[in-house]
Amino acid sequence: MTRVLITIDDGIHAPGLSVLARAAAAAGHDVFVAAPAQQSSGSSASIMAEEDDGRIAIERRELDGLEGVATYAVHGGPGLIALIAARGAFGDPAEVVLSGVNHGANVGRAILHSGTVGAALTGGLHGARALAVSLDVGIHPEEYHWSTAAEAAVGFVPELLARPRGTVANLNAPNSREARGLVEAHLAPFGIVQTTLSESDEHHIRLAVEDLPNTPEPGSDAALLAEGWITVTGIEPVTRVPLGLEG
């Protein structure tokens, strides 16, 4: 039985979190859930937290359909949660971290900013195998097919377990009942949305998220996801890159 942490950046009550946790538990894994008490999207791998005299508040919660599954709301982001889970904050550390199902795709090099991906990278940095999981819901979805992403993620766990500790991957699923299949893809140069400055004055700025107007790079995660594929991309925590300096 594999010990699995389920987390997310969308908060403890995010529907994608519950669906993923139920799918992992139904597959026979030893599941525990720990997620931010509040929305933490865009937190990357931050370990900032709401502290009281140096202590971080953790509350037991119950989620529908997860009776008997240890569930915690943490007053901190998903990167912090993956870190403290590795240190034994919720019992035995997880062998696998499943982070999601995120509301919205996480594709391209912009995954750097994602709290969902940040939790997976932090889990991998501390010895777990990890998978970030997202659903491409678009801007105004009429319905949500969380189970498409959740079932793909749980089905990918054996692939993770067959690889070394520290392996991390990023999975995106189309928002449909059935996908064309699962395919490995490279990261798009950026992503499928961009953040723009919509308002600015002396005291305030306002950001907006907009779809990118360009066609995604062929073969990239963004392009293949748009074509109806479940995409998976191997990623890794920060590593050294030689600069070739002399002397």
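The structure we're discussing is the one just above.
Values in this document were obtained by computation on a predicted structure and should not be read as measured data.

Visitor: Which parts of the structure should I look at to understand the overall build of the protein?
Guide: If you tally the helices and strands in the protein, you get five helices and 13 strands. With 247 residues in all, the protein has 48% of them scored as buried. Put simply, 77% of the contacts in the protein that link residues at least 6 apart link residues at least 24 apart. Total accessible area on the protein is roughly 12,800 Å²; 51% of this is exposed by carbon and sulfur atoms.

Visitor: How do you make sense of the pairing of strand S7 (residues 96–103) when you look at a structure like this?
Guide: Here is the key point about a regular strand: its side chains alternate between the two faces of the sheet. The element S7 is largely enclosed, with a buried count of seven among its eight residues. Bridging between strand S1 (residues 3–7) and S7 involves four bridges; their strand directions are parallel. Note that in S7 the partner of Val-4 across the bridge is Val-96. Crossover connection from S7 via helix H3 (residues 115–125) to parallel strand S8 (residues 129–136): handedness right-handed.

Visitor: Just checking my understanding: could you explain the nonpolar core for this structure?
Guide: One recurring pattern in soluble globular proteins is that nonpolar side chains are buried together. Within the largest apolar cluster, 40 residues are counted, with the highest numbers of intra-cluster contacts made by Ile-6, Leu-17, Leu-20, Leu-98 and Leu-131. When residues of this core are traced back to their parent elements, those giving at least two are S1, helix H1 (15–26), strand S2 (30–36), S7, S8, helix H4 (146–161), strand S9 (168–174) and strand S13 (230–235). With nine residues, H4 is the single largest residue contributor to this core. Sequence-distant contacts of Leu-17, that is, excluding residues within four places in its chain, are made with Ile-6, Thr-7, Ile-8, Gly-11, Ile-12, Val-33, Ala-35, Leu-63, Gly-100 and Val-101.

Visitor: Would you explain H4 in this entry?
Guide: Note: α-helices contain 3.6 residues per turn, so residues at a spacing of three or four share the same orientation. Here H4 contains 16 residues, and its C-alpha end-to-end distance of 23 Å stays within 8% of the 22 Å for a straight helix at 1.5 Å per residue. Bending of H4 peaks at approximately 30° at the position of Gly-155, with proline Pro-158 no more than four residues after it. Within H4, the full set of buried residues consists of Trp-146, Thr-148, Ala-149, Ala-150, Ala-152, Ala-153, Val-154, Phe-156, Val-157 and Leu-160. Contacts made by the buried residues of H4 are with H1, S7, S8, S9, strand S10 (182–184) and S13.

Visitor: So what exactly am I meant to see when it comes to unusual backbone geometry here?
Guide: With glycine set apart, most residues show a phi of negative sign, and most peptide bonds adopt trans. Residue Gly-100 is joined to Val-101 through a cis peptide bond whose omega torsion reads 0°. Along the chain, Val-101 turns up in strand S7.

Visitor: Looking at this model, I keep getting lost on the pairing of S8. Mind explaining?
Guide: Counting buried positions over the eight residues of S8 gives seven, a clear majority of the element. Note that S7 and S8 share six bridges and pair parallel. Its bridge partner lying in S8, His-103 is registered against Leu-135. Here S8 pairs with S9 via seven bridges, running parallel. Its bridge partner being in S9, Val-133 is matched across the sheet by Leu-171. For the handedness criterion, the β-α-β arrangement of S8, H4 and S9 is classed as left-handed.

Visitor: Any chance you could explain the packing of H1 against H4 here in plain terms?
Guide: Packed helices, taken two at a time, are described by their axes: the angle between them and the distance between them. As a packed pair, H1 and H4 sit with axes 9 Å apart at the nearest point and diverge in direction by 40°. Judged by the angle between their axes, H1 and H4 are oblique. Read as a crossing pair, H1 and H4 show a hand that is right-handed. For the pair H1 and H4, the contacting residues are Pro-15, Gly-16, Val-19, Leu-20, Ala-23 and Ala-24 in the first and Trp-146, Ser-147, Ala-150, Ala-153 and Val-154 in the second.

Visitor: Could you clarify how one ought to interpret the packing of aromatic side chains in this entry?
Guide: Remark: the centre distance and the inter-plane angle together describe each pair of aromatic rings, the angle taken between the planes. Across all of its chains, the model carries three aromatic pairs by this definition. Look at Phe-32 and Phe-90: their rings are 6.1 Å apart centre to centre, the planes differ by 40°, and that puts the pair in the tilted class. You can see Phe-32 sitting in strand S2 and its partner Phe-90 sitting in the loop between helix H2 (78–86) and S7, a full 58 residues away along the chain. Taking the centre distance of 4.8 Å and the plane angle of 40° together, the rings of Tyr-72 and Phe-90 count as tilted. Taken as a pair, Tyr-72 in strand S6 (residues 71–74) and Phe-90 in the loop between H2 and S7 lie far apart in primary sequence, 18 residues in all. For the pair Tyr-72 and Phe-90, a shared accessibility class is recorded, and that class is buried. Grouping aromatic residues by their ring pairs yields a cluster made of Phe-32, Tyr-72 and Phe-90.

Visitor: Even after reading the chapter, I still don't get the side chain of Thr-116, so can you show me in this structure?
Guide: Along the chain, Thr-116 turns up in helix H3. The exposure class of Thr-116 is buried, given its relative accessible area of 0%. Among the polar contacts listed, one links the side chain of Thr-116 to the side chain of Asn-102, at a separation of 3.1 Å. In this structure Thr-116 touches Ile-8, Asp-9, Ser-99, Gly-100, Asn-102, Asn-106, Ala-132, Val-133 and Ser-134, once residues within four positions along its chain are discounted.

Procedures and definitions
- Residues numbered from 1 in each chain as written.
- Predicted model: local features only at pLDDT ≥ 70, side-chain atom pairs only at ≥ 80, totals over all residues.
- Heavy atoms only, no water.
- Helix = DSSP H or I, 4+ residues; strand = E, 2+ residues; numbered from the N terminus.
- Buried < 20%, exposed > 50% of the residue type's maximum accessible area, 1.4 Å probe, protein only.
- Contact = heavy atoms within 4.5 Å.
- Areas by Shrake-Rupley, 256 points an atom, 1.4 Å probe, with all protein chains shown as cover.
- Pairing = 2+ DSSP bridges.
- Right-handed = clockwise from strand over helix to strand, strands pointing away.
- Core = buried A, V, L, I, M, F, W, Y, C linked by side-chain atoms within 4.5 Å.
- Expected span 1.5 Å × (residues − 1).
- Bend = angle between axes of the 7 residues up to and from the residue.
- Axes fitted to C-alpha atoms, helices over the stretch in contact; angles between N-to-C directions.
- Parallel < 35°, antiparallel > 145°, perpendicular 65-115°, else oblique.
- Left-handed = near helix turned anticlockwise from the far one by under 90°.
- Phe/Tyr/Trp six-rings, centres within 6.5 Å; stacked < 30°, edge-to-face > 60°.
- Polar contact = N/O pair within 3.5 Å; in protein donor to acceptor, adjacent residues only side chain to side chain.

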